[in-house]
Amino acid sequence: MRKIKSKYNFKKRAYRHMTVSEVKEEFGGDVKKYIDWEIEVLKVGMKITENREVLEIVDKYKNELIENILQNDNETVQMAMADTIEDYVRMEKEKN
């Protein structure tokens, strides 16, 4: 996982329990960097659990995933990310 140079230390605070609008307020222009960091954490988990299907979908739709997460307000980042990925998985299964 690449390191993101920022004035924030994402590991020290429980940002993942904040709503998307709270994260936007906290990070301002750096909010995409934070969401990118969260996705990279998810990808590491997918590699550890050997869930290649979801990993490929996250890689394929990463930019759309970030935008969809940022469109939420009252959901936590983790839930918005999980719901969006679930939609992409369902969409990919319907294609095949």
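Within any chain, residue numbers begin from 1 and follow the written order of that chain's sequence. Whole-chain, interface and lining totals are the exception, using all residues; otherwise, since this is a predicted model, local features are given only for residues with pLDDT of at least 70 and side-chain atom pairs are given and counted only at 80 or more. Water and hydrogen atoms play no part in the side-chain values, which are based on all heavy atoms of the structure.

Caption draft 1: The arrangement of the overall build of the chain in detail. Secondary structure is summarised from DSSP: a helix means a run of H or I of at least four residues, a strand means a run of E of at least two, and numbering begins at the N terminus for each. Of the regular secondary structure elements, the chain holds five helices and zero strands. Counting from the amino terminus, helix and strand elements in the chain follow one another as α-α-α-α-α. Type-normalised accessible area, obtained with a 1.4 Å probe on protein chains alone, sets the label of each residue: buried when under 20%, exposed when over 50%, and partly exposed for intermediate values. Split into buried and exposed, the 96 residues of the chain put 39% on the buried side. A total of about 6,300 Å² of accessible surface is found on the chain, and carbon and sulfur atoms cover 47% of it. Reported accessibility uses the Shrake-Rupley method at a 1.4 Å probe radius. Residues are deemed covered only where the shown protein chains occlude them.

Caption draft 2: Expanded view of the environment of K60. Looking at the secondary structure, you find K60 in helix α3 (residues 52-60). Given a relative accessible area of 48%, K60 falls into the partly exposed group. The sequence separation of K60 and Y88 amounts to 28 residues, and the corresponding C-alpha distance is 9.7 Å. Residues count as neighbours in contact if any of their non-hydrogen atoms are within 4.5 Å of one another. Once you skip the residues sitting within four places of it in the chain, K60 turns out to touch E92 and K95.

Caption draft 3: Quick look at the packing of aromatic side chains. Here is the rule: rings of Phe, Tyr and Trp (six-membered ring for Trp) pair when centre to centre is within 6.5 Å. Planes less than 30 degrees apart are stacked, more than 60 are edge-to-face, and the remainder are tilted. Across all of its chains, the model carries three aromatic pairs by this definition. Between Y61 and Y88 the ring centres are 4.5 Å apart and the planes differ by 10°, which places this aromatic pair in the stacked class. A residue pair is termed long-range when its members are at least 10 positions apart, and Y61 in the loop between α3 and α4 (62-70) and Y88 in helix α5 (residues 77-95) qualify at 27 residues. For Y61, a relative accessible area of 9% puts it in the buried group. Note on Y88: relative accessible area 9%, which makes it buried.

Caption draft 4: Structural view of the side chain of N72. Here N72 shows up in the loop between α4 and α5. As used in this structure description, the phrase polar contact means that two N or O atoms lie within 3.5 Å; if the pair is within protein, one of them must be able to donate a hydrogen and the other to accept it, and residues adjacent in sequence are counted only when both atoms belong to side chains. Within the local environment of N72, its side chain forms a polar contact with the backbone oxygen of N68, the two atoms lying 2.9 Å apart. Contact partners of N72, with chain neighbours within four places excluded, come to V20, S21, K24 and A80.

Caption draft 5: Structural context of the pattern of salt bridges. By definition, a salt bridge exists where a carboxyl oxygen of Asp or Glu is found within 4 Å of a side-chain nitrogen of Lys or Arg. Counting across every chain of the model gives 10 salt bridges. The partner of K60 in a salt bridge is E92, with the nearest N and O atoms 3.1 Å apart. Placement of K60 in helix α3 and of E92 in helix α5 is noted, with a sequence separation of 32 residues between them. Residue classification places E92 among the buried residues on the basis of a relative accessible area of 14%.

Caption draft 6: Summary view of the packing of helix α2 (residues 31-48) against α5. Think of each axis as a best-fit line through the C-alpha atoms, taken over the contacting stretch in the case of a helix, with angles from 0 to 180 degrees between the N-to-C directions. Running from amino to carboxyl end, α2 crosses α5 at an angle of 65°, the nearest separation of the two axes being 11 Å. For the pair α2 and α5, the sense of crossing is right-handed. Counting all contacts with α2, which are made through Y34, I35, E38, I39 and L42, the residues of α5 involved are V77, Q78, M81 and I85. Gly is placed with the polar residues, together with every amino acid not listed as nonpolar (Ala, Val, Leu, Ile, Met, Phe, Trp, Tyr, Cys and Pro) or charged (Asp, Glu, Lys and Arg). Of the residues belonging to the contact of α2 with α5, the class tally is seven nonpolar, one polar and one charged. Crossing chirality is assigned from the near helix's rotation relative to the far helix, an anticlockwise turn below a right angle marking it left-handed and a clockwise turn marking it right-handed.

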